[in-house]
Amino acid sequence: MEMYTYTLPSGAKLIGYLRDETTEMPAFNTRPAMLILPGGGYAYCSAREADPVAMQFLQAGYNVFTLYYTCRISEEQSALHWQPLIDAAGAVLHIRRNAQALRIDPAKIAVCGFSAGGHLAASTAILWDAEPVQKALGIHAEEARPNAVVLGYPVVTSGVATHGGSMQNLCGEDAALRSTMSLENQIRAGLPPFFIWHTVEDPAVPVQNSLLLANALNEHKVPFELHLFAHDGHGTSTCTNEVNTPNSHNRAWVALCTDWLADTLDFHL
């Protein structure tokens, strides 16, 4: 396995784990990519939603990257506005433009995000062509658009069911930006497919966030799969002892997701 690091212009860090190239398994020298966006309310990137998740997808055969995107680390710092999305779209762009060197299939790049990172992952699929993103990255086509999206207990709305801290860190008092970042209102036909999971009891990011997104995706005939688990709270990541949230039932999301991705990206070990 090869470790890969890259620093984006903003200072955001991209850390990758690349499966080795071999002569014995030539059909798998090029693999899909999974880009992981940890949660943390846009205030930090949670370690519990970084490497533990990366190892699951690495085991499933993916070349895996984790992006430590720009966060608002103190209340004295200005709201982030478009910068996290520019980071995330820039990471997709970098992976795709360097696909050959990274042994990546450029048509099989997925993003996986949790909580606020789920909002960011969904934003890469929905707002990849927003003018501030395209201008910042100097692109005009679909180079920064992911091919599939995986969301764990995502922040979606800026409405009644929002996670206030995430929206405050991202948008501040900019009402127009808050409206744009209420992603259930930005869904359109032609988006990449979504895999979404959430717990009904989530006290921090209400399950309505995922329900609002699923309903909007359904209305616009965007392919999606939604899994709701009855019990447990927020931030459960891989639902194992390693991340301090063991739950053998909810842990099924990992297998369900990798099966879904195998079919969605046509990648079967």
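Residues numbered from 1 in each chain as written. Predicted model: local features only at pLDDT ≥ 70, side-chain atom pairs only at ≥ 80, totals over all residues. Heavy atoms only, no water.

A short note on the nonpolar core
Link 1 in the chain: L35, F65, L67, W82 and F194 are the most contacted members of the largest nonpolar core, which has 60 residues in total.
Link 2 in the chain: The leading source of residues in this core is helix α2 (residues 83–97), at eight residues.
Link 3 in the chain: Ignoring any residue separated from it by four or fewer positions in sequence, one finds L67 in contact with L8, A12, K13, L14, L35, I36, L37, P38, C45, D87, A88 and A91.
Link 4 in the chain: Counting residues in hydrophobic clusters, the runner-up holds 27 residues, among them Y17, F57, W197 and C257. (Core = buried A, V, L, I, M, F, W, Y, C linked by side-chain atoms within 4.5 Å. Buried < 20%, exposed > 50% of the residue type's maximum accessible area, 1.4 Å probe, protein only. Helix = DSSP H or I, 4+ residues; strand = E, 2+ residues; numbered from the N terminus. Contact = heavy atoms within 4.5 Å.)

Topic: the pattern of salt bridges
Link 1 in the chain: In this structure the tally under the stated criterion is three salt bridges.
Link 2 in the chain: Across the salt bridge formed by R103 and E2, the nearest N and O atoms sit 3.4 Å from each other. Pair noted here: R103 is in the loop between α3 (99–102) and β5 (104–114) and E2 is in strand β1 (residues 2–7), with a separation of 101 residues, a long-range link.
Link 3 in the chain: Using a relative accessible area of 13% as the deciding quantity, one classes R103 as buried.
Link 4 in the chain: R188 is the partner of D129 in a salt bridge, and the nearest nitrogen-oxygen pair spans 2.8 Å. With D129 in the loop between α4 (116–126) and α5 (131–137) and R188 in the loop between α7 (175–180) and β7 (194–199), the pair connects residues that are 59 residues apart, well separated along the chain.
Link 5 in the chain: Since its relative accessible area comes to 32%, D129 is described here as partly exposed.
Link 6 in the chain: With relative accessibility at 30%, the residue R188 sits in the partly exposed group. (Salt bridge = Lys/Arg side-chain N within 4 Å of Asp/Glu carboxyl O.)

Description of unusual backbone geometry
A negative phi angle characterises most non-glycine residues, just as the trans form characterises most peptide bonds.
Link 1 in the chain: The phi dihedral of S115 falls on the positive side, at around 55 degrees, and the residue is not glycine.
Link 2 in the chain: Mapped onto the fold, S115 is located in the loop between β5 and α4.
Link 3 in the chain: With relative accessibility at 6%, the residue S115 sits in the buried group.
Link 4 in the chain: At Y153, a position not held by glycine, the phi torsion is positive, near 35 degrees.

Details of the packing of aromatic side chains
Link 1 in the chain: Tallying each qualifying case throughout the model produces 11 aromatic pairs.
Link 2 in the chain: Arranged with centres 6.0 Å apart and planes meeting at 75 degrees, the rings of F28 and F267 form a pair that is edge-to-face. Residue F28 is found in the loop between β2 (13–18) and β3 (31–37), and its partner F267 is found in the segment after α9 (252–264); the two are separated by 239 residues along the sequence.
Link 3 in the chain: F28 gets classed as partly exposed once you look at its relative accessible area, which sits at 25%.
Link 4 in the chain: When its relative accessible area of 9% is taken as the criterion, F267 is described as buried.
Link 5 in the chain: Cluster of aromatic residues (ring-pair linked, three or more members): F114, Y153, W197, F229 and W253. (Phe/Tyr/Trp six-rings, centres within 6.5 Å; stacked < 30°, edge-to-face > 60°.)

Regarding the state of the cysteines
Link 1 in the chain: Applying the stated criterion across every chain, the model contains zero disulfides.
Link 2 in the chain: Free of any disulfide, C45 has its nearest cysteine sulfur in C71, 3.9 Å distant.
Link 3 in the chain: By relative accessible area, C45 is classed as buried at 18%.
Link 4 in the chain: The thiol of C257 is unpaired, and the distance to the nearest cysteine sulfur, on C112, comes to 6.1 Å.
Link 5 in the chain: C257 gets classed as buried once you look at its relative accessible area, which sits at 0%. (Disulfide = S-S within 2.5 Å.)

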